[in-house]
Each structure stands twice: as structure tokens, then as C-alpha cells.
Amino acid sequence: MTDRRAHLGAVQETLLIPLYGRAVETRKDQAVLRDAKAEEMVASIDYDFARFDNLPSLIGTVLRTALFDDWVRAFLSDNPYGTVVEIGTGLNTRFERADNGRARWFDLDLPDVIELRRKFFRDTSRRTMISGSVADVSWTGTVTAHGDGPYFFSAEAVLPFLDASDVRQVIARIAERFPGSLLALDTAGPEIIDSQDRHDALGKVQARMRWACGDPAEIVGWVPGGRLLATHTLTGLPRAMFDRLPAEYQGMLTVLAEQRMPQVEQYRLNLVRLP
Ligand SMILES: C[S@@+](CC[C@H](N)C(=O)[O-])C[C@H]1O[C@@H](n2cnc3c(N)ncnc32)[C@H](O)[C@@H]1O
């Protein structure tokens, strides 16, 4: 890579937070996940990653990614030839962790992100990058033209950055074009949206979340017949996942759960079955 700087817009820059989270995690003795490619990308990109050092949110991003990984693996176990669409993929490496050798995979993000992503990843017969906004309609045509259902849509740390009306339209469109599909998404409640200038990681970048969602059940209200299959806070992760976390993380999450901080309790990881 000749130009090592990442030329990214404000919301796009946020991809560097979970990227760094996975790279830092990889260096730990006891890690939730290992991601050598994230380490390689962090080393290749000229950016002040040190501003995120020691932030609690980095661990949060890793736990979120691990849960989304579990949901995608479960989907591919039930549907080995299914299609996974990463919405707002950033420099995500879920394919490297969860691919089963048979799935069809799409990675969608804004043009400057896909340009950066192309420096590290290549399209293959089963894996395609799509440049565009999730709020535009055209990406759905690319997916239906090349990928057979059933479909899993993974929108990790993306939709809260959109306006509520756009989120609603995006989810309604996915439900209409891909009936019966699964959608994993995170939601941030109003107190998180109101206090994000003081958020440990977001406070260090320009982008701000816009969609406040106090109750993920709202989402299924937008798509009659949809079902909220799972909703978890980081302090209320699925038992099986919690049990395999390093002891240090289990202790930290137990203490955090007792504190019942709105910034933690209002952040939810959700799995929705669209109608
Ligand atoms: C916090 S990052 C998360 C990246 C990735 N999902 C991960 O977990 O590593 C947010 C991502 O959403 C993308 N994004 C924001 N608005 C978008 C839009 N309208 N369409 C597609 N992607 C978008 C950003 O470019 C960025 O890559």
C-alpha cells in the first residue's frame, strides 16, 4: 500500500474502533477471538489508533463481534449454502472466522470504505464487495442476482448512525425483498445517544449516532409478523457464550451488571426474524 492514510468520512472512520479492538484482543493471552488480519491492517494504516488504547468500549466491540459471529455460525450450520450480507462491513473479518466453505457472502459499505477494503480483501466466486449506502435500493439487486436464500443480514454498529426514518425504511425494504430472513443489529437507547460526546470511543471521533431505540421490540412493530428472537445487553450475554469467556471478562461483566449503568443497559444486541 503506497498511501498508508485512510481517507474516510466521519461515520466511516468509526470502523477503525472495532478493527483496533480485534487487533488488541488478538495480542492478549486469554482472548475472546483472534484476528491476525486485523493486526496486519492496523499495522498498515497510518492512523492514531493509540487514542483508543485501554478504552472499555474496545472490549465491548469484541464481545459484540463474538456474539454476531455465533449467530452467523448458527445460521450457516442450519443453512450451509445460505447467504450472509454484512451491512456496513468496515474492515470486518467475520468471513475469515465464520465461513464454512460453501456460503455466499456480501460485504456492503460506503464507497471510500470499499476502496480501503479492496487493499486488504479480494472478491472471489463466493465473496463480493458492494460499494454503496444501505439506504439506497440498488445493493439488494446485486444480492438477489448472485446469492440464493436463505439470507442473514448482519448490521453490526451501523444502523444507530442512520436517521430513524432511514433505519425503518432499510428494515422494511429488507423484509420486502428477503422475506423470512434473519437480521442481527445493535440498538442504543436515548441516554446513550444523549451522552455520546462523553462516550469513551465515540467522544474521540466526529461521527455521532442518530437513531435512539429504547426498546428493540419497536423494530418488529415496523414489520408486522416479524419476531425478536433474541436481545442481549453486554452484561446479559447468552449463557453459553458467557461460560466460554476468559475469567477476567466474566468477572468484569458481573461487576458491570451490578452497577446497572444506563450506558451499558441501554445498549442491546438483537436478532430479528423478518416476516
Ligand atoms: C462502527 S463501524 C462498524 C464496522 C463493522 N460492522 C465492524 O463491526 O467492524 C460503522 C460502519 O458503518 C458504515 N456505514 C455507515 N453508514 C452507512 C451506510 N449508509 N451504508 C453503508 N454503510 C454505512 C461505516 O462506513 C462503517 O464502516
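Up top is the structure.
All values reported here derive from a predicted model rather than from experimental measurement.

K.L.:
Would you explain the packing of aromatic side chains in this entry?
P.N.:
Note on aromatic pairs: each is described by the distance of the centres and the angle between the planes. With the rule as written, the count across this model stands at 12 aromatic pairs. Ring centres of Phe75 and Phe152 lie 5.5 Å apart, and the angle between their planes is 50 degrees; this geometry places the pair in the tilted category. Of this pair, Phe75 sits in helix α4 (residues 56-78) while Phe152 is found in strand β4 (residues 151-155), placing the two residues 77 residues apart along the sequence. Accessibility classification places Phe75 together with Phe152 in one group, the buried group. An aromatic cluster is present here, built from Tyr20, Tyr47, Phe49 and Phe52 joined pairwise through their rings. The side chain of Lys37 reaches across the aromatic face of Phe121, ending 4.8 Å from its centre. Positioned above the aromatic ring of Tyr81 is the side chain of Arg102, whose terminal nitrogen or guanidinium carbon lies 5.5 Å from the ring centre.

K.L.:
Explain the side chain of Glu25 to me, please; I cannot follow it from the model alone.
P.N.:
Residue placement: Glu25 occurs in helix α2 (residues 16-26). A relative accessible area of 1% means that Glu25 is categorised as buried. Among all residues touching Glu25, those that are not within four sequence positions of it are Gln30, Ala31, Val32, Leu33, Arg34, Val62 and Tyr249.

K.L.:
How do you make sense of the pairing of β4 when you look at a structure like this?
P.N.:
On a regular strand, one side chain projects to one face of the sheet and the next to the other, so that they alternate. Most of β4 is tucked away: five of the five residues are buried. Taking every second residue as pointing to the same face, both faces of β4 are buried, with Tyr151, Phe153 and Ala155 on one and Phe152 and Ser154 on the other. The sheet contact formed by strand β1 (residues 83-87) and β4 spans five bridges and is parallel. Bridging across to β4, Ile87 finds its partner in Ala155. Bridge count for β4 against strand β5 (residues 182-188) is four bridges, and the pairing is parallel. Pairing of Phe152 across the sheet is with Leu182, part of β5.

K.L.:
It is not clear to me how the sheet that holds β1 should be interpreted in this structure. Could you clarify?
P.N.:
Note: strands within a sheet are paired through backbone hydrogen bonds, in either parallel or antiparallel orientation. With mixed pairing, seven strands are arranged side by side in an open sheet as β3-β2-β1-β4-β5-β7-β6. In this open sheet, the two edge strands, each paired with only one partner strand, are β3 (127-131) and β6 (227-232). Going from strand to strand, the sheet's axes swing by 20 degrees on average, the running direction of each strand aside. Two strands pair when backbone bridges link them, and β6 and strand β7 (residues 267-273) are joined in this way by five bridges, in the antiparallel orientation. Its bridge partner being in β7, Leu228 is matched across the sheet by Val272. Across the face of the sheet, α4 comes into contact with β1, β2 (104-109), β4, β5, β6 and β7 while running at roughly 10 degrees to β7. Relative to the sheet, helix α7 (residues 138-146) contacts β1, β2, β3 and β4, its axis offset from that of β2 by approximately 170 degrees.

K.L.:
Got a minute to help me understand the site of the ligand in this structure?
P.N.:
Around the ligand there are 20 residues in total, and Gly88, Asp109, Ser133, Val134 and Glu156 lie nearest to it. At 2.7 Å, a side-chain N or O of Asp109 approaches an oxygen atom of the ligand. The side chain of Ser133 places a nitrogen or oxygen atom 3.0 Å from a nitrogen atom of the ligand. For the ligand, the accessible surface in isolation is 590 Å², of which the surrounding protein chains cover 96%. Looking at the shell around the ligand, the elements with two or more residues in it are α1 (10-13) and α2. Among the residues making up the shell around the ligand, the classes are represented as nine nonpolar, eight polar and three charged.

What counts, and at which threshold
- Residues numbered from 1 in each chain as written.
- Predicted model: local features only at pLDDT ≥ 70, side-chain atom pairs only at ≥ 80, totals over all residues.
- Heavy atoms only, no water.
- Phe/Tyr/Trp six-rings, centres within 6.5 Å; stacked < 30°, edge-to-face > 60°.
- Helix = DSSP H or I, 4+ residues; strand = E, 2+ residues; numbered from the N terminus.
- Buried < 20%, exposed > 50% of the residue type's maximum accessible area, 1.4 Å probe, protein only.
- Lys NZ or Arg CZ within 6 Å of the ring centre and 35° of its normal.
- Contact = heavy atoms within 4.5 Å.
- Pairing = 2+ DSSP bridges.
- Axes fitted to C-alpha atoms, helices over the stretch in contact; angles between N-to-C directions.
- Near = heavy atom within 4 Å.
- Polar contact = N/O pair within 3.5 Å; in protein donor to acceptor, adjacent residues only side chain to side chain.
- Areas by Shrake-Rupley, 256 points an atom, 1.4 Å probe, with all protein chains shown as cover.
- Nonpolar A, V, L, I, M, F, W, Y, C, P; charged D, E, K, R; others polar.

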